[in-house]
Amino acid sequence: MQARLAVDIGGTFTDVVLETATGTHAVKVLTTTDAPARGVLDGVRAILTAAKCKAADVGLVVHGTTLATNALIERKGALTALVTTAGFRDSLEIAWEHRFEQYDIYMERPEPLVPRDLRFGVPERVAADGAVLMTLDETAVRAVAGELRARKVEAVAVCFLHSFTNEGHERRTGEILAEELPGVAISLSCEVCPEIREYERTSTTIANAYVLPRMAGYLGALESDLKNEGVAGPLLLMMSSGGITTVETARRYPVRLVESGPAGGAILALTVAAENALAKAVAFDMGGTTAKLTLLDDLSLQRSRQFEVARAYRFVQGSGLPVRIPVIELVEIGAGGGSIARLDALGRLQVGPDSAGSMPGPASYGRGGTSPTVTDADTVLGRLDPTRFAGGAIPLHRDKAAAALKPIAEHLRTDAEGAAAGVAEIVDETMASAARVHAVENGKDTADRTLIAFGGAAPLHAARLARKLGMKRVVVPVGAGVGSAFGFLRAPIAYEVVRTRHVRLDLLDAKMLNELFAAMRAEAEQVVRPAAPGETLMETRQAFMRYRGQGHEIAVALPNQPFGADAARELHRRFEATYESVFGRAIPKLEVEALTWTLSIATDRPLPSAAASPKAVSAPAPSGRRDVLDPASGRRDSAALYERAALLQGMAIDGPALIVEDGTTTVVPLGFTARINGVGQIVLEDAT
């Protein structure tokens, strides 16, 4: 077996996991924000040395990164221009023509990534059915290119009206711009997002262009650096959809890498749910900068075709920049170990969303940070072993953490421990609120679910979060501190292709539909086959359908086979069954239409079977004890300390206890019992 390497760059830590024939190894290193590839190479060298593995023995590298997301959030992408149909350059600001906060008179929309003076209209027009109403004015395109050259633009997004039905004008514009502007990154909406709905298509294409130069340069350099290190295997990239793809595809469509890290965590959570036969679960990933939560039902992830980046208002739909890409449905909030605590103008304690990051990091790191963070609070509460944090690579300074919390403590008329308890409660309630909102928005509840906790900070807060959400069980997987990286190695190689073709079912042309899916299959295989030669590929088809007159569609699963003479009847039956499952009833005698069709192919990665319950075994004596303050009760408990490696399958310990490992610490509060299941995972059960 060749070794496999996974790398996950987060806002604070870069996690590296190596799987070899003899076992699995993991390390955490601080993210080098100024040059992320440097941190990756530091982690790769460290883990190869620790595992005594040669770089030439690494047959595959899977990488996920927040660089695209951070560039969008921090507005640190390329100087980007938009070329669009004359008269439509303001559609970017018109957006959905509604207020996402109706009663907030101070409401501010997110600023577009492309300012108005860098949006250019050129004469051309294509009708909704693809007919050319006005030919492209190529002279005008060349004139715009001259202006872009003078403005030193680094990237261009091209998005013409109805180009998803006829891409000729966009293709020709792209050719002219490439000729006139060598070295400038060009993104065409007919390639990035060939779907109906002008604003979302434009926003997605612009986002792709905005991050493309930085991501293409980074990925090219990282691929070269890994080869120089002697790594033999190819570099593959994790996408937001939960699949992995080639560097070539990732460099062309970097917008598909938004949320790639959280997607890896969701894949890990799906595996854990299968091993524990969990029909309903919540994946909880809390790292150094953010926390992510997503729902799992019947061993499947919730998926979406749209995601909002950089929301101006937390949890408020419509307040961010929409990107229309395949994505695992999740909620992400600024609540991580590095999230900064402060007092607001009214003297109330708040935590996040900004983070101390890796430089200077929390005050307890002793690297110059002075702002109090969640990690500082966990240190003062006694949850963290100062000598074991991040595998001992970062010694924690309790005195510096307490000093950072002192201003908050003085204002609240308490001591450093009291302030730390307040910080922990605030961040836990923030995450609980986000989970409740996410569940309600999807018509679900949290109370009857199991919490699957991973990421460096999640096991520290999981039990308290579970109680706030009414959950009775928490599962902490093996290697939880680097959970997303483990998920990368379990993800399928996959790609999704989407096309908008407006079809009324009573006028359905089965031959056209078969030709459409054949072309989509060929396009998807061009991406997947190079990374998965000889592997069996699983195909999934969907149609986004609605009753005529409705404004939005629902996703309807389609059969993976050619359509015949009864295609219209079968599609109608599937639509009504899906519609009834969502809304409780179908509407008789209304015409049905399909707008968008999707096809995805993926390598077969079957989920594991449920693990058998192990025979009960006596737990070892604790390796020591440490006082830990419980924020919920305000009580200081003497917690038993256990090394996770010393806890074998079938062992059980009662709280209060701390289970310590290199990547994280699992807090077992009073009233919880921790059991080690048949695959070595920690299962916390609330007996209260």
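Residues numbered from 1 in each chain as written. Predicted model: local features only at pLDDT ≥ 70, side-chain atom pairs only at ≥ 80, totals over all residues. Heavy atoms only, no water.

Undergrad: What should I look at first to understand the overall build of the protein chain in this one?
TA: On a plain count of helices and strands, the protein chain comes out with 16 helices and 35 strands. On C-alpha atoms alone, the protein chain measures out to a radius of gyration of 26 Å, which is about the 26 Å that the 2.2 N^0.38 rule sets for 688 residues. When burial is assessed residue by residue, the protein chain has 58% of its 688 residues classed as buried. Within the protein chain, contacts between residues separated by at least 24 positions form 68% of all contacts whose residues are at least 6 apart in sequence. As displayed, the protein chain offers around 27,800 Å² of accessible surface, 51% of which is attributable to carbon and sulfur atoms. Taken as two groups, the 74 positive and 82 negative side-chain charges of the protein chain have centres that lie 2 Å from each other. (Helix = DSSP H or I, 4+ residues; strand = E, 2+ residues; numbered from the N terminus. Rg over C-alpha atoms; globule rule 2.2 N^0.38 Å. Buried < 20%, exposed > 50% of the residue type's maximum accessible area, 1.4 Å probe, protein only. Contact = heavy atoms within 4.5 Å. Areas by Shrake-Rupley, 256 points an atom, 1.4 Å probe, with all protein chains shown as cover. Lys, Arg positive; Asp, Glu negative; His and termini not counted. Charge placed at Lys NZ, Arg CZ, Asp CG, Glu CD.)

Undergrad: Explain the packing of helix α12 (residues 416–441) against helix α13 (residues 458–468) to me, please; I cannot follow it from the model alone.
TA: The description of two helices packed together rests on the angle between their axes and the distance between the axes. It is the contact of α12 with α13, at a shortest axis distance of 9 Å, that shows an interaxial angle of 50 degrees. By the angle between their axes, α12 is oblique relative to α13. Handedness of the crossing formed by α12 with α13: right-handed. Across the interface between the two elements, Glu425, Val427, Asp428, Glu429, Met431, Ala432 and Arg436 of α12 pack against His461, Arg464, Leu465 and Lys468 of α13. When grouped by side-chain class, the residues that make up the contact of α12 with α13 number 4 nonpolar, 1 polar and 6 charged. (Axes fitted to C-alpha atoms, helices over the stretch in contact; angles between N-to-C directions. Parallel < 35°, antiparallel > 145°, perpendicular 65-115°, else oblique. Left-handed = near helix turned anticlockwise from the far one by under 90°. Nonpolar A, V, L, I, M, F, W, Y, C, P; charged D, E, K, R; others polar.)

Undergrad: Can you walk me through the packing of aromatic side chains in this structure?
TA: Geometry of an aromatic ring pair is reported as the spacing of the ring centres plus the angle between the planes. The final tally for this structure, using the stated rule, is 10 aromatic pairs. Centre to centre, the rings of Phe517 and Trp597 are 6.1 Å apart; their planes meet at 90 degrees, and the pair counts as edge-to-face. Taken together, the residues Phe517 in helix α15 (residues 510–528) and Trp597 in strand β28 (residues 592–603) connect sequence positions 80 residues apart. Like Phe517, the residue Trp597 is buried in the burial classification. A network of ring pairs unites the aromatic residues Tyr547, Phe575, Tyr579 and Phe583 as a single cluster. (Phe/Tyr/Trp six-rings, centres within 6.5 Å; stacked < 30°, edge-to-face > 60°.)

Undergrad: Hey, could you run me through helix α9 (residues 260–275) in this one?
TA: A turn of α-helix holds 3.6 residues, and therefore any two residues three or four places apart point the same way. Its 16 residues place the ends of α9 23 Å apart at the C-alpha level, agreeing with the 22 Å of an ideal helix rising 1.5 Å per residue. Within α9, 16 of the 16 residues are buried, leaving the element largely enclosed by the surrounding structure. Positive backbone phi, approximately 50 degrees, marks Ala277, located one or two places after α9. (Expected span 1.5 Å × (residues − 1).)

Undergrad: Hey, could you run me through the environment of Val184 in this one?
TA: Structurally, Val184 is set in the loop between α5 (168–180) and β10 (185–188). Residues Val184 and Glu154 lie 30 residues apart in sequence; the distance between their C-alpha atoms is 5.2 Å. Setting aside its immediate chain neighbours within four residues, Val184 contacts Val153, Glu154, Ala155 and Val156.

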